[in-house]
Amino acid sequence: TAMTFPRFVLGLTGVIFLILGLAFLVAPDGFLGLMGFQVNPDLALVEIRARSGGLQLGLGLFFLVATFRDRWIRAALGAQFLVLGAMAATRLLAILFSGSSDSMMSTLATAETVGATTGAASGCDTRAIRPPPTTNTNAVKTADKMSAVF
């Protein structure tokens, strides 16, 4: 399967989500410390590992699998747009509500916005996203008959 721009975008998004998921799973307190959180209680770390680590690992795997499945690409790019767009929007709203931000929050909001925009733009490139031609001769005959009607 050729590496088109949409496939590249999905693959890159998958790798980024996997890295973030592993960071939250392996060292959530250290990673959150970069953003100003101080997490010590064991139960809070379990929740952070499960929610932040598990969710991002799952999304990362989904994006990577979709990179190599023609029929999943458009849905995965839509998911990339929606997930990263929602993350950027809620982060920006949270910054607005709290009235405070730092370079880490600005960097994350920018990365999320770029990721959402890239996913949306890649999903619009219909020339690069086409399901493989069918080899089922019955399906081809049926499609030919239907196209003759229309």
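Higher on the page you've got the structure.
None of these values were measured; they are calculated from a predicted model.

Rules used in this analysis
Residues numbered from 1 in each chain as written. Predicted model: local features only at pLDDT ≥ 70, side-chain atom pairs only at ≥ 80, totals over all residues. Heavy atoms only, no water. Helix = DSSP H or I, 4+ residues; strand = E, 2+ residues; numbered from the N terminus. Buried < 20%, exposed > 50% of the residue type's maximum accessible area, 1.4 Å probe, protein only. Contact = heavy atoms within 4.5 Å. Areas by Shrake-Rupley, 256 points an atom, 1.4 Å probe, with all protein chains shown as cover. Phe/Tyr/Trp six-rings, centres within 6.5 Å; stacked < 30°, edge-to-face > 60°. Lys NZ or Arg CZ within 6 Å of the ring centre and 35° of its normal. Core = buried A, V, L, I, M, F, W, Y, C linked by side-chain atoms within 4.5 Å. Patch = residues over 30% accessible without salt bridge, like charges linked within 9 Å, V, L, I, M, F, W, Y side chains within 5 Å. Salt bridge = Lys/Arg side-chain N within 4 Å of Asp/Glu carboxyl O. Axes fitted to C-alpha atoms, helices over the stretch in contact; angles between N-to-C directions. Parallel < 35°, antiparallel > 145°, perpendicular 65-115°, else oblique. Left-handed = near helix turned anticlockwise from the far one by under 90°. Nonpolar A, V, L, I, M, F, W, Y, C, P; charged D, E, K, R; others polar.

Student: How do you make sense of the overall build of the chain when you look at a structure like this?
Tutor: A tally of helices and strands in the chain yields six helices and zero strands. Reading the secondary structure of the chain in the N-to-C direction produces α-α-α-α-α-α. Put simply, the chain has 150 residues, and 28% of those count as buried. Contacts spanning at least 24 positions in sequence make up 71% of the contacts within the chain whose residues lie at least 6 apart. For the chain, the accessible surface area stands at approximately 9500 Å², while carbon and sulfur atoms represent 69% of it.

Student: Can you help me understand the packing of aromatic side chains in this one?
Tutor: Here a ring pair, both rings aromatic, is described through the centre-centre distance and the interplanar angle of the planes. Enumeration over the complete set of coordinates arrives at four aromatic pairs. On the numbers, 5.5 Å between centres and 45° between planes, the contact of F17 with F63 is tilted. Of this pair, F17 sits in helix 1 (residues 5–26) while F63 sits in helix 3 (residues 42–67), placing them 46 residues apart in sequence. For the pair formed by F17 and F63, the shared burial category is buried. On the numbers, 5.6 Å between centres and 50° between planes, the contact of F62 with F63 is tilted. For F63, a relative accessible area of 0% puts it in the buried group. An aromatic cluster is built from F17, F62, F63 and W72, whose rings are joined through pairwise contacts. A cation sits over an aromatic face here: R69 above W72, 5.1 Å from the ring centre.

Student: Can you walk me through the nonpolar core in this structure?
Tutor: Within soluble globular proteins, side chains that are nonpolar tend to cluster in buried spots. Among the nonpolar cores identified, the biggest contains 11 residues, and these are V9, L10, F17, L59, F63, A66, I73, A76, L77, L84 and A116. Mapped onto this core, the elements with two or more residues apiece are helix 1, helix 3 and helix 4 (73–98). In terms of nonpolar packing, the next biggest core, distinct from the first, is built from six residues, L32, M35, I48 and M105 among them.

Student: Any chance you could explain a nonpolar patch on the surface here in plain terms?
Tutor: Residues M3, F5, F8, L12, I16 and F68 make up a contiguous nonpolar surface patch of about 650 Å² in total accessible area. Looking at the secondary structure, you find F8 in helix 1.

Student: Which parts of the structure should I look at to understand the packing of helix 1 against helix 5 (residues 103–123)?
Tutor: Axis angle and axis distance: for two packed helices, these are the angle between their axes and the distance between the axes, and together they describe the pair. The contact between helix 1 and helix 5 brings their axes to 9 Å, and the two run at 150°. Relative to helix 5, the element helix 1 lies roughly antiparallel. Helix-helix and strand crossings are classified by hand; for helix 1 and helix 5 the assignment is left-handed. Where helix 1 approaches helix 5, its residues F5, P6 and V9 are matched on the opposing element by T118, G119 and S122. Broken down by class, the residue content of the contact of helix 1 with helix 5 amounts to three nonpolar, three polar and no charged.

Student: In this structure, what is going on with the side chain of E112? I would like to understand it.
Tutor: Along the polypeptide, E112 turns up in helix 5. Those residues within four positions of E112 in sequence are excluded, and the remaining contacts are L84, M87, A88 and R91.

Student: Is there a simple way to explain the environment of G58 in this structure?
Tutor: Here G58 is to be found in helix 3. Judged by its relative accessible area of 37%, G58 falls in the partly exposed class. G58 sits 41 residues away from F17 along the chain, and the two C-alpha atoms are 8.2 Å apart.

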